[in-house]
Amino acid sequence: MAIRTIDDYLLAMKTSFEPTAAGDRSLVLQYEFSGREQGICHAAIAAGAIQVARGPHPAPSVVVRTDFDLWVRVIAHDIDGLIAYQDGLYTVEGDYLALMDSDLWFSRS
């Protein structure tokens, strides 16, 4: 699935979520996108389920602030997310290690 919009991104998160990989962990990922696609969205993960929505979450565990097209490249592994972070191409507020761990909770098909 090509991710061209924030709605595409939310759908991709929902359909690629692997409940067994997340196990019983809970995390709220919030994304604040700039650039071509602008807006805020979040994914709330708990008890092996995911809920995605546009808009801010009242208590995110992690907030990622990034250019939308850059983030699409990061999640596709076209560029190294850690290097992009270290280079200051995006910022993370909150539990960065949980963000990195959560990458394994989504399939890459």
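In what follows, the accompanying structure is described. (Residues numbered from 1 in each chain as written. Predicted model: local features only at pLDDT ≥ 70, side-chain atom pairs only at ≥ 80, totals over all residues. Heavy atoms only, no water.)

Below, the discussion takes up the overall build of the chain. Each helix and strand in the chain was counted, giving 5 helices and 5 strands. From first element to last, N terminus to C terminus, the chain shows the α and β order α-α-β-β-β-β-α-α-β-α. For 109 residues, the compact-globule estimate of 2.2 N^0.38 gives 13 Å, and the C-alpha radius of gyration of the chain, at 13 Å, lies within 12% of that figure. When its C-alpha atoms are laid out on the principal axes, the chain stretches across 35 × 30 × 25 Å. Counting every position in the chain, which comprises 109 residues, the buried fraction comes to 39%. Here the contacts in the chain between residues at least 6 apart in sequence split such that 61% fall between residues at least 24 apart. (Helix = DSSP H or I, 4+ residues; strand = E, 2+ residues; numbered from the N terminus. Rg over C-alpha atoms; globule rule 2.2 N^0.38 Å. Buried < 20%, exposed > 50% of the residue type's maximum accessible area, 1.4 Å probe, protein only. Contact = heavy atoms within 4.5 Å.)

Where nonpolar side chains cluster on the molecular surface, the patch consists of Leu82, Leu97 and Met100 and spans about 290 Å² of accessible area. By secondary structure assignment, the location of Met100 is in helix α5 (residues 96-102). (Patch = residues over 30% accessible without salt bridge, like charges linked within 9 Å, V, L, I, M, F, W, Y side chains within 5 Å. Areas by Shrake-Rupley, 256 points an atom, 1.4 Å probe, with all protein chains shown as cover. Salt bridge = Lys/Arg side-chain N within 4 Å of Asp/Glu carboxyl O.)

Once that is clear, we can look at helix α3 (residues 68-75). Among the residues of α3, those classed as buried are Phe68, Leu70, Trp71, Val72 and Val74. On its buried face, α3 sits against α1 (6-16), β1 (27-34), β4 (62-67), α4 (81-86) and α5. The backbone nitrogen of Asp69 lies 3.0 Å from a side-chain oxygen of the residue at the head of α3, namely Asp67. His77 sits one or two residues past α3 and shows a positive phi near 65°. (Polar contact = N/O pair within 3.5 Å; in protein donor to acceptor, adjacent residues only side chain to side chain.)

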